Amino acid sequence: MTIRNWIRLFFSTLFVGGVTAGIIGFIVRWDEFAPLFKNGEIGQIFSVLVWLIGIGFTFSVISQMGFFAYLTIHQFGLRMFRSLWNPVQLLVIALVIFDLVYFRFQAFAKDGESILPYILLAALIIIVAIATSWIKSRQTNKNTFISAMFFMIVVTVLEWLPVLTVNEKSWLYLMLFPLLACNAYQILVLPKYNQLSQQQMEKKRNAVSK
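Along each chain, numbering runs from 1 in the same order as the chain's sequence is written. Per-residue local features of the predicted model are confined to residues with pLDDT of at least 70, and side-chain atom pairs are confined, for both listing and counting, to 80 or more; whole-chain, interface and lining totals are unaffected and use all residues. Each side-chain value is derived from all of the structure's non-hydrogen atoms; neither hydrogens nor water enter the calculation.

Q: How should the overall build of the protein chain be read in this particular structure?
A: Under the scheme used here, helices are H or I runs from DSSP no shorter than 4 residues and strands are E runs no shorter than 2 residues, and both carry numbers assigned from the N terminus. Helix and strand counts for the protein chain stand at 7 helices and 0 strands. Listing the helices and strands of the protein chain from first to last along the sequence gives α-α-α-α-α-α-α. A 1.4 Å probe rolled over the protein chains alone gives each residue an accessible area, and that area as a share of the maximum for its type sets the label: buried under 20%, exposed over 50%, partly exposed in between. Within the span of the protein chain, comprising 210 residues, buried residues form 39% of the whole. Surface accessibility follows the Shrake-Rupley procedure with a 1.4 Å probe radius. Residue values consider only the protein chains on display as shielding. Carbon together with sulfur atoms contributes 68% to the accessible area of the protein chain, which is approximately 12,300 Å² in total. Under the counting rule used here, the positive set is Lys and Arg, the negative set is Asp and Glu, and His together with the chain ends is not counted. Charge coordinates come from a single atom per side chain, which is NZ of Lys, CZ of Arg, CG of Asp or CD of Glu. In the protein chain, the 17 positive side-chain charges and the 9 negative ones have mean positions that sit 22 Å from each other.

Q: Got a minute to help me understand the packing of helix α4 (residues 85–108) against helix α6 (residues 144–164) in this structure?
A: Any two packed helices are characterised by how steeply their axes cross, that is the angle between the axes, and by the distance between the axes. Axis lines are fitted through C-alpha atoms, for helices just across the contact stretch, and the angle between N-to-C directions can take any value from 0 to 180 degrees. Two numbers describe how α4 lies on α6: the axes approach to 9 Å, and their chain directions differ by 30 degrees. Judged by the angle between their axes, α4 and α6 are roughly parallel. Remark: the crossing between α4 and α6 carries left-handed chirality. Touching Asn86, Gln89, Leu90, Val92, Ile93, Val96, Ile97, Leu100, Arg104 and Phe108 of α4 are Ile146, Ser147, Met149, Phe150, Ile153, Val154, Val157, Trp160 and Leu164, all from α6. Amino acids outside the nonpolar list (Ala, Val, Leu, Ile, Met, Phe, Trp, Tyr, Cys, Pro) and the charged list (Asp, Glu, Lys, Arg) are all regarded as polar, and Gly is one of them. Residues belonging to the contact of α4 with α6 are distributed by class as follows: 15 nonpolar, 3 polar and 1 charged. An angle below 35 degrees is read as roughly parallel, one above 145 as roughly antiparallel, one from 65 to 115 as roughly perpendicular, and any other as oblique. By convention, the crossing between two helices is left-handed when the near helix turns anticlockwise from the far helix through less than a right angle, and right-handed when the turn is clockwise. The contact definition used throughout considers only heavy atoms, calling two residues in contact when any of these lie within 4.5 Å.

Q: Sorry if this is basic, but what is going on with the packing of helix α3 (residues 42–81) against α4 here?
A: At a minimum axis distance of 9 Å, the contact between α3 and α4 shows a crossing angle of 125 degrees. Classified by the angle between their axes, α3 and α4 sit oblique to one another. Residue-level inspection shows Ile73, His74, Gly77, Leu78 and Phe81 of α3 in contact with α4, the latter providing Trp85, Val88 and Gln89. Partitioned by chemical class, the residues of the contact of α3 with α4 number 5 nonpolar, 3 polar and no charged.

Q: I'm lost on a positive patch on the surface in this one. Help?
A: A surface patch of like charges, here positive, comprises Arg4, Arg8, Lys192 and Lys204. Those elements giving two or more residues to the positive patch turn out to be α1 (3–28) and α7 (169–209). Within the secondary structure, lysine 192 is located in helix α7. Without a salt bridge and with relative accessible area above 30%, a residue can belong to a patch; like charges are then joined within 9 Å and nonpolar side chains (Val, Leu, Ile, Met, Phe, Trp, Tyr) within 5 Å. The rule for a salt bridge is simple: a side-chain nitrogen of Lys or Arg has to be within 4 Å of a carboxyl oxygen of Asp or Glu.

Shown next as structure tokens:
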């Protein structure tokens, strides 16, 4: 990928993170922010929106760091495990989902609390991951489905760890949705930017040869 297209990817992903956090922030913390709308405090609403967008930018950067780390891990896994890389990824996905549900339930559940909310939260990630992976496999080829699932589940959960360990409900969702949006966006638009980069480099080579 050329530097120009990497910069485009960076800022477009930043935009996705900021917008998602701005919207989700008002939804998950509506009880806190509803009085601002009721009282017509436009200045305060704008200040909160700017703060939420700034938080989204931070989550976007975390997402992008995770994405480029994943690309490195993926290439390493292909070289090391070869044809076994897909089964290895499936195993890691299963372990991460189990940990996300069982260990969070063990660590944070109160007496008599159901495990269902913990399962539903994991199910949300799985559904988004399956949808993104399906689109990715249609976009490229079927062999990318498992790798996309690995990224959308395993890498997202790793990026999400700072708030998972705190388990504050509003922050769980405030961070999760921008991460999912940014991760899905990056993995789906990467071929477009790679293709643009290839076309630009070919044009440069043709111009030099002339």
